[in-house]
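So you can see what is in the structure, the chains are spelled out below.
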Amino acid sequence: MAELTGRRILLVEDEYMLAAELAFFLERHGASIIGPFRSVAQALAVLDREPIDAAVLDINLGGERVYPVADALIARNVPIVFATGYDELLMERAYIGLPRCPKPIDKSALLQVLQRALAHVPSSSTARS
Amino acid sequence: MFGRLEPVNAPTPTRGPPTDQLLRLMIESAHDYAIFSMDAAGVVTTWNTGAERLMGWAHDDALGNTADVIFTPEDRAAGVPEKERIEAASRGRAEDERWQQRKDGTRFWASGLLMRLDEPNAGFVKVLRDRTAAHLANEQVRKSEERFRLLATNIPQLVFRSMSDGNRTWPSPQWIEFTGLGIEQSLGFGWLDAIHPDDRPPTLAAWEAARKTGEYYCEHRLRRRSDGQYRWHQTRARPISPGESGDWVGTMTDIHDLRGLQERQKVLMAELQHRTRNLLAVIQTIVSRTLRGSDSLQAFELEFSRRLGALSRVQALISGVDYQSLDLRDLLVAELQAHESSQLDSGKVTLDGPALPLPAAAAQALGLALHELVTNAAKYGALAQERGRLAVRWQVDQHGTERTAKVDWKESGVVMPQGAPRRTGYGTELIKRALPYQLGAETELQFEADGVRCTITVMLKSKTNG
């Protein structure tokens, strides 16, 4: 059984090729991808429609910042991982302590961070039933 | 000077020395004081040793001559000696502080007292003391004070004087001008009114700290009267004399623009970091996608270096226009020129369309897609075959407030390769998936009978969006 089997992971990334690459990788490890989405509005719109176990978020989405999505996910107790080109220095202070994978993404590191974040989260598919 | 007097505790009461003699002795021995008398017209009648020493005139020379010679020529011309005698005659005494003159013409600062003698027409007695040193010291202080005021009121900084707790004792005119608070309003702690309310606690806390460190430092916002704007200022102050002192001098420097630049620099740094890292991430995807589509490492190397070349051409174009919009035509020309077989001037290629500025973010995705089209054309299509032609035409349509750009890539005269359907490659994915995802574009890619046809329709945003 793959590491992320049964996990529903929201992917927010404005660069198609990066999004496609990450989606391909996470799916290969058993995850179902919600998205990918390239804007805050699109990502926010899906939160109430789909159960989500964890999220991988790029911070700079073609000029807008992903933070409203992060806030909404934190409010729902959904663990998030930032996949970003930003150093801590350039992030909003409130989000600095959260898990972060610097770009270019080390995929095996991302996998570990996601598994750690999901360790205590029951799978949404079983929780709903 | 009393050395010759009888001891006061003599066993039997004795008479003191004759008053005349006592006075004469006192006057003669008072070397630091010039004491002399004159008649009602100002002619010298007595002249003590102190007068000889101070003024340079010997007793015998002075006697019988006018005492006016000790005044400067300017004062004599202005009738000062006579006025003094008139004042002393009517009021009993006349005091003055002024420059006086010695026999050799040098001057000294004297504090003088002219007293009228009681007997009618007895004349006057004058006592003079040389106060030159003290006067020069006072002058020095006054001039130094003047220089401070001159400096404090002419530099662009707002200057103030203060007690060690921040209690202000003097604001410079620049402060008054900048804040609109008058002197009275600024004294004590009135100046706090001009500080942003949020910055007042740290401003006062910094004064607490300054008493320990001997130096005040604070950055806070100060309200400008002319437009009500709070502008960042850097305030520094130190005690005038080191050690224990209640008197501090400080300056407030406007650093608002500087702080703005620092903020801007941070934003630019963030943007730069975002772009650099994203570019690396894009390269990372190109590597893995190219690797998956390559039969051999040689094939990988060739394909990867071409794609990297396309990416760097787009980057060069974008940085050439300072990350503002760049024109579609420039993007096409750069990509076509990169292929030797493109023969831009040979008539094989037609480029036709209006100026079409593309946001930097769109340019990168579009540049990579165009690279795949050009590469394909140069390998198998219009640019590879003698009779092949390539026409790229574009137009901008206005529908109400919306503007759409339509790009039409059409190859013709191409003998299409026979056989198996083309596998879906990186270029196809860029056109069919990436452009719709990133730019919201509608795309079509068809392999027609005489060549490849690709149309890209994209909505142009009215707002500038990188």
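Please refer to the structure placed before this passage.
Residues numbered from 1 in each chain as written. Chains lettered and ligands numbered in written order. Predicted model: local features only at pLDDT ≥ 70, side-chain atom pairs only at ≥ 80, totals over all residues. Heavy atoms only, no water.

Teacher, can you tell me more about the interface of chain A and chain B here?
In many reports, interface size means the accessible area that the parts give up when they come together. Opposite the 24 residues of chain A that make contact, chain B presents 26 residues. Roughly 2500 Å² of surface becomes buried between chain A and chain B when both sides are summed, with 52% attributable to carbon and sulfur atoms. At the junction of chain A with chain B, the criterion picks out 1 salt bridge. A salt bridge links Arg292(B) to Glu21(A), with the nearest nitrogen and oxygen atoms 3.0 Å apart. For the pair chain A and chain B, the interface holds 12 residue pairs in polar contact (both at pLDDT 80 or more). Looking at the side of chain A that touches chain B, the element that brings in the most residues is helix H1 (residues 16-28) of chain A, giving 7 residues. (Contact = heavy atoms within 4.5 Å. Buried area = accessible area lost by both parts, 1.4 Å probe. Salt bridge = Lys/Arg side-chain N within 4 Å of Asp/Glu carboxyl O. Polar contact = N/O pair within 3.5 Å; in protein donor to acceptor, adjacent residues only side chain to side chain. Helix = DSSP H or I, 4+ residues; strand = E, 2+ residues; numbered from the N terminus.)

What should I look at first to understand the pattern of salt bridges in this one?
Residue and element names in this part refer to chain B. Taken as a whole, this structure holds 37 salt bridges over all chains when the rule is applied. For Glu84, the salt bridge is made with Arg98, and the minimal N-O distance between the two is 3.8 Å. Taken together, the residues span a long stretch of sequence, with Glu84 in helix H5 (residues 80-91) and Arg98 in strand S3 (residues 93-101) at a distance of 14 residues. Residues participating in the shared-partner salt-bridge network are Asp75, Glu84, Asp96, Arg98 and Lys126.

Would you mind going over the packing of aromatic side chains with me for this structure?
The geometry of an aromatic ring pair is captured by the separation of the ring centres together with the interplanar angle, meaning the angle of the planes. All names here are of chain B. A complete count under the given rule lists 12 aromatic pairs over all chains for this structure. For the ring pair Phe36 and Trp47, a centre distance of 4.8 Å and an interplane angle of 45° mean the geometry is tilted. Residue Phe36 is located in strand S1 (residues 33-38), and its partner Trp47 is located in strand S2 (residues 44-47); the two are separated by 11 residues in the primary sequence. In this structure, Phe36 and Trp47 share a single accessibility class: buried. Measuring from centroid to centroid gives 5.3 Å for Trp99 and Trp109, while their planes differ by 80°, and the two rings are edge-to-face. With a gap of 10 residues between them, Trp99 in strand S3 and Trp109 in strand S4 (residues 107-116) connect regions that are remote in the sequence. A residue is classified by how much of its surface remains accessible, and Trp109, at 14% relative accessible area, is buried. Site record: aromatic cluster; members linked through ring pairs are Phe160, Trp207, Tyr216 and Trp248. Here Arg168 stacks its cationic end above the ring of Trp191, 4.0 Å away from the centre of that ring. (Phe/Tyr/Trp six-rings, centres within 6.5 Å; stacked < 30°, edge-to-face > 60°. Buried < 20%, exposed > 50% of the residue type's maximum accessible area, 1.4 Å probe, protein only. Lys NZ or Arg CZ within 6 Å of the ring centre and 35° of its normal.)

Is there a simple way to think about the pairing of strand S5 (residues 124-130) of chain B in this case?
Looking down a regular strand, the side chains alternate between one sheet face and the other. Residue and element names in this part refer to chain B. Bridge count for S1 against S5 is 6 bridges, and the pairing is antiparallel. If you follow Tyr33 over to S5, its bridge partner there is Arg129. Judged from the 7 bridges that link them, S4 and S5 form a sheet pairing that is antiparallel. The partner of Ser111 across the bridge, within S5, is Arg129. (Pairing = 2+ DSSP bridges.)

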